[in-house]
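Inside the fold
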Amino acid sequence: MEHTQEQQLLQAAAAGDLVKLNQLTDEGVDVAYQDPETGMSALMHAADERKKEAVEMLLEAGTPWNLLDKDGYCAGEYAAGCPELVELLLGWGAQAEMVLGAAERASRGQSASTSSAVNSDYLQQRLHYSADGTKLLDADGEAVMMGWEGPLMERHAEVICSHGPDRAGPGRGGDVLNVGFGLGLIDEAIQRHRPRSHTIIEAHPDVYKHALDKGWDKRANLLLGRWQDVLPTLGDRKFDGIFFDTYGEYYGEMSDFHELLPKLLKPGGVYSFFNGLAPDNIFFHTVEGRVAQLELETLGLTTSYERVAIKEAIDEEVWEGVRNKYWKLPFYFLPTCIFNAPQQS
Ligand SMILES: C[S@@+](CC[C@H](N)C(=O)[O-])C[C@H]1O[C@@H](n2cnc3c(N)ncnc32)[C@H](O)[C@@H]1O
């Protein structure tokens, strides 16, 4: 039986046959073709068989790095076990995502301060705190924040409170900013580090009221509003530590926030964010983490990720009453981003 051009492409990719791949691409074969039964693309075949040059060629020829097979695996996962190939695909994916992100930002053509709220639907909904205080749910039963994240928030607080130029002495936690109150887990943890000042920005009126009911206006500088609107009112205030964890916003909003960091952080200050980037696929998650790392690097921040095991979220009971299980991975990559601006003399 004669093989179609597309089937020949898959075979040539698996064999690492560059001559045949060149010939087929010159003839205009569809490089994004996926086997109808398995969903495997030529790039997946080449990655699976560790054919590095074929992987490079196929990427250059325009094969999408992020196709999924029938079982939900991408080429990066087929490359698992071969660090060189994984790194190649990671780097390619991150660059592609950065180009896409830049194009999206350009097409929006708006600055953070003038953009209308992408999460305005969320901000107008009634929210609900579970009786045991372990869940904050939106009107559709989607979890805005859950108690299983407590240990992660403890570690994030430790990171943003234990670095920075002003951490010695009674206010050893320095000047700290948290964006997004939720269950107040990170704010409780920040308080244990005795910050010199503690600012909280919260946009949702129900969450703000909850925080007021818990007396947070006496423990911290609690500000109602979206960070996009509140930050410009803070003038030249600078912080030793900043944490960012909002809800209903996209990476574009986080990217807008990142652009403000050189103005908001003291030299040597630390930033961290809830790393829920593309959490449904480990390879996409890693690519998005790399994108954030590269983006922060251009702003003068050095990012490292700490792998933290997650036991709590694996327990199905934790998700009772929650519409969508938003975390399935058994680990979490916790970011520490240090601002390298030169120290002022
Ligand atoms: C995931 S929760 C934060 C959880 C928090 N880290 C904790 O430890 O409990 C996200 C919070 O961000 C708030 N939020 C959403 N958009 C915001 C915005 N643009 N500015 C400030 N807060 C926002 C939400 O109302 C919600 O309370």
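All of these numbers come straight from a predicted model, not from anything done at the bench.

Looking at the sheet that holds strand β4 (residues 175-179)
Across the sheet, which stays open at both edges, the seven strands sit in the order β6-β5-β4-β7-β8-β10-β9 with mixed pairing between neighbours. Two strands lie at the open edges of the sheet, namely β6 (221-224) and β9 (301-309), each paired on one side alone. Pairs of neighbouring strands in the sheet enclose a mean axial angle of 15°, with direction left out of account. The pairing of strand β5 (residues 197-202) with β6 spans four bridges and is classified as parallel. Each residue of the ladder has a partner; that of Thr199, found in β6, is Asn221. Sitting on the sheet, helix α13 (residues 251-264) is in contact with β4, β7 (239-244), β8 (265-273), β9 and β10 (331-339), with an inclination near 155° to β8.

Details of the UniProt feature "repeat: ANK" (unreviewed entry) in the protein
Summarizing the sequence annotation, UniProt attributes the feature "repeat: ANK" (unreviewed entry) to residues 38-70 in the numbering used throughout. Between the first and last C-alpha atoms of residues 38-70 the distance is 6 Å; the span itself is 48% helix and 0% strand.

Looking at the pattern of salt bridges
Following the criterion strictly, the structure yields 16 salt bridges and no others. Note that Arg126 is salt-bridged to Asp206, the shortest N-O span being 3.2 Å. Here the residue Arg126 occupies a position in the loop between α7 (120-124) and β1 (128-129), and Asp206 occupies one in helix α10 (residues 205-213), the gap between them amounting to 80 residues. What makes Asp206 buried here is its relative accessible area of 18%. Two residues, Lys325 and Glu316, come together in a salt bridge whose shortest N-O distance is 2.8 Å. Each member of the salt-bridge network shares a partner with another, and the members are Asp175, Arg196, Asp240 and Lys266.

Quick notes on the environment of Arg219
Relative to the helices and strands, Arg219 resides in helix α11 (residues 216-219). Arg219 sits in the partly exposed class, given a relative accessible area of 35%. With 150 residues separating them in the primary sequence, Arg219 and Asp69 have C-alpha atoms 51 Å apart. What Arg219 contacts, discounting residues up to four positions off in sequence, is Glu188 and Gln191.

Digging into the domain arrangement of the protein
Note on interface size: it is often stated as the accessible area lost on association of the parts. What the domain assignment reports for the protein is domain 1 (5-107) and domain 2 (120-339). A separation of 35 Å is found between the C-alpha centroids of domain 1 and domain 2. At the interface, 18 residues of domain 1 touch 15 residues of domain 2. Roughly 1300 Å² is buried in total at the junction of domain 1 and domain 2, and carbon and sulfur atoms are behind 68% of that figure. A per-residue breakdown of the area domain 1 buries against domain 2 is headed by Leu90, Met98 and Arg105, which together make up 43% of the total. Joining domain 1 to domain 2, the criterion identifies one salt bridge. The salt bridge involving Glu87 is made with Arg290; its shortest N-O contact spans 3.0 Å. Summed over the shared surface of domain 1 and domain 2, the result is two residue pairs in polar contact (both at pLDDT 80 or more). Those elements that place two or more of their residues in the side of domain 1 that touches domain 2 are α5 (75-78) and α6 (83-108). At 11 residues, the largest contribution of residues to the side of domain 1 that touches domain 2 is made by α6. Its residues placed into classes, the side of domain 1 that touches domain 2 shows eight nonpolar, six polar and four charged.

Conventions and cut-offs
- Residues numbered from 1 in each chain as written.
- Predicted model: local features only at pLDDT ≥ 70, side-chain atom pairs only at ≥ 80, totals over all residues.
- Heavy atoms only, no water.
- Pairing = 2+ DSSP bridges.
- Helix = DSSP H or I, 4+ residues; strand = E, 2+ residues; numbered from the N terminus.
- Axes fitted to C-alpha atoms, helices over the stretch in contact; angles between N-to-C directions.
- Contact = heavy atoms within 4.5 Å.
- UniProt positions renumbered as here; feature names shortened; annotations may be inferred.
- Salt bridge = Lys/Arg side-chain N within 4 Å of Asp/Glu carboxyl O.
- Buried < 20%, exposed > 50% of the residue type's maximum accessible area, 1.4 Å probe, protein only.
- Domains from an automatic or database assignment.
- Buried area = accessible area lost by both parts, 1.4 Å probe.
- Polar contact = N/O pair within 3.5 Å; in protein donor to acceptor, adjacent residues only side chain to side chain.
- Nonpolar A, V, L, I, M, F, W, Y, C, P; charged D, E, K, R; others polar.

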